[in-house]
Amino acid sequence: EGTTAFEVSQRVIELVQNSRAAAIQVLINSPGGSVYDGLSMLDAFDMARQNEVKVITRVQGQAQSMAADLLILGGDYRSISKNSFIMTHGDIDHELRFGDMLDIETEIRIRGITGNRLLDMYEQKTKRPRAFWKKMFKDSRCVYWTPEEALDAGLVDVIF
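Quantities reported herein were computed from a predicted structural model and do not represent experimental measurements.

Caption draft 1: Highlighting the environment of S79. With respect to the element layout, S79 can be found in strand β3 (residues 77-80). Expressed as a C-alpha distance, the spacing of S79 and A150, which sit 71 residues apart in the sequence, is 9.7 Å. The contact partners of S79, leaving out residues within four places of it in the chain, are T57, R58, V59, L71, V156, V158 and F160.

Rendered as structure tokens:
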């Protein structure tokens with residue numbers, strides 16, 4: 001069983017408030033999880049940066065889906081082991097959970113806002129323009145990246 005988003009965010013806040021560390025390291029080996037939980041962890045990483053604490057993300061094993069987003073988008077310095085892989089994708093949750101048209105339109109709007117925010121972050125953090133990521137995520141297919149491919153695309157800064 002993994003660590004919850006709340007636990008990660010809480011630990012980041014504790015480290016920033018009770019430490020004089022110049023950096024925190026986030027080790028990732030995860031098949032992914034909730035986009036909204038991941039966004040809350042990215043907010044915690046941003047809070048660390050606002051307090052002049054660097055965030056180092058490191059994958060050992062796998063970083064899939066939202067775990068890949070945490071690795072790629074959350075780190076000031078991002079690394080991957082030579083035996084790891086990354087999997088990215090667009091919105092694959094095609095099931096709408098609400099009943100009437102207004103609720104469905106609202107959920108589609110929320111997904112659009114979230115998707116656009118993630119595209120903006122991918123463009124900022126990688127060597128690829130927004131149009132590349134929009135095309136890559138368009139059909140929601142899973143894309144698996146070797147460490148070398150991830151380095152070339154700007155998803156990570158170094159292979160160890």
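Caption draft 2: Summary view of helix α5 (residues 130-138). Here α5 has its buried residues at W133, M136 and F137. When α5 is viewed along its axis, its buried side chains cluster within an angular range of 85 degrees and face the same direction. Residues of α5 that are exposed and point over 90 degrees away from its buried face: A131, K134, K135 and K138. Taken together, the buried residues of α5 touch β4 (85-88), α4 (101-125) and β5 (143-145). S140 sits one or two positions beyond α5 and adopts a positive phi of about 65 degrees.

Caption draft 3: Geometry of the packing of aromatic side chains. With the rule as written, the count across this model stands at six aromatic pairs. On the numbers, 4.9 Å between centres and 90 degrees between planes, the contact of F132 with W133 is edge-to-face. A relative accessible area of 23% means that F132 is categorised as partly exposed. Here the aromatic cluster, defined as three or more aromatic residues joined through ring pairs, consists of Y122, F132, W133, F137 and W145. One Lys or Arg, R58, reaches over the ring of F160 and ends 3.8 Å from the middle of that ring. Geometry around F132 places R128 over its ring, the cationic atom sitting 4.7 Å from the centre.

Caption draft 4: Inspection of the packing of α4 against α5 at higher detail. As a packed pair, α4 and α5 sit with axes 8 Å apart at the nearest point and diverge in direction by 130 degrees. In terms of orientation, α4 and α5 fall into the oblique class. Two packed elements cross with a definite hand, and for α4 against α5 that hand is right-handed. Contact residues: N116, L119, D120, Y122 and E123 in α4; R130, W133, K134 and F137 in α5. For the contact of α4 with α5, the per-class residue count stands at four nonpolar, one polar and four charged.

Caption draft 5: Representation of the pattern of salt bridges in the model. Within this structure, the stated rule accounts for seven salt bridges. Here R11 ties to E14 by a salt bridge, and the two come within 3.5 Å at their closest N and O atoms. Separated by three residues within a single helix, R11 and E14 lie in helix α1 (residues 5-17), roughly one turn from each other. On the basis of relative accessibility, which here comes to 45%, the residue R11 falls in the partly exposed class.

Cut-offs applied
- Residues numbered from 1 in each chain as written.
- Predicted model: local features only at pLDDT ≥ 70, side-chain atom pairs only at ≥ 80, totals over all residues.
- Heavy atoms only, no water.
- Helix = DSSP H or I, 4+ residues; strand = E, 2+ residues; numbered from the N terminus.
- Contact = heavy atoms within 4.5 Å.
- Buried < 20%, exposed > 50% of the residue type's maximum accessible area, 1.4 Å probe, protein only.
- Arc of directions from axis to C-beta.
- Phe/Tyr/Trp six-rings, centres within 6.5 Å; stacked < 30°, edge-to-face > 60°.
- Lys NZ or Arg CZ within 6 Å of the ring centre and 35° of its normal.
- Axes fitted to C-alpha atoms, helices over the stretch in contact; angles between N-to-C directions.
- Parallel < 35°, antiparallel > 145°, perpendicular 65-115°, else oblique.
- Left-handed = near helix turned anticlockwise from the far one by under 90°.
- Nonpolar A, V, L, I, M, F, W, Y, C, P; charged D, E, K, R; others polar.
- Salt bridge = Lys/Arg side-chain N within 4 Å of Asp/Glu carboxyl O.

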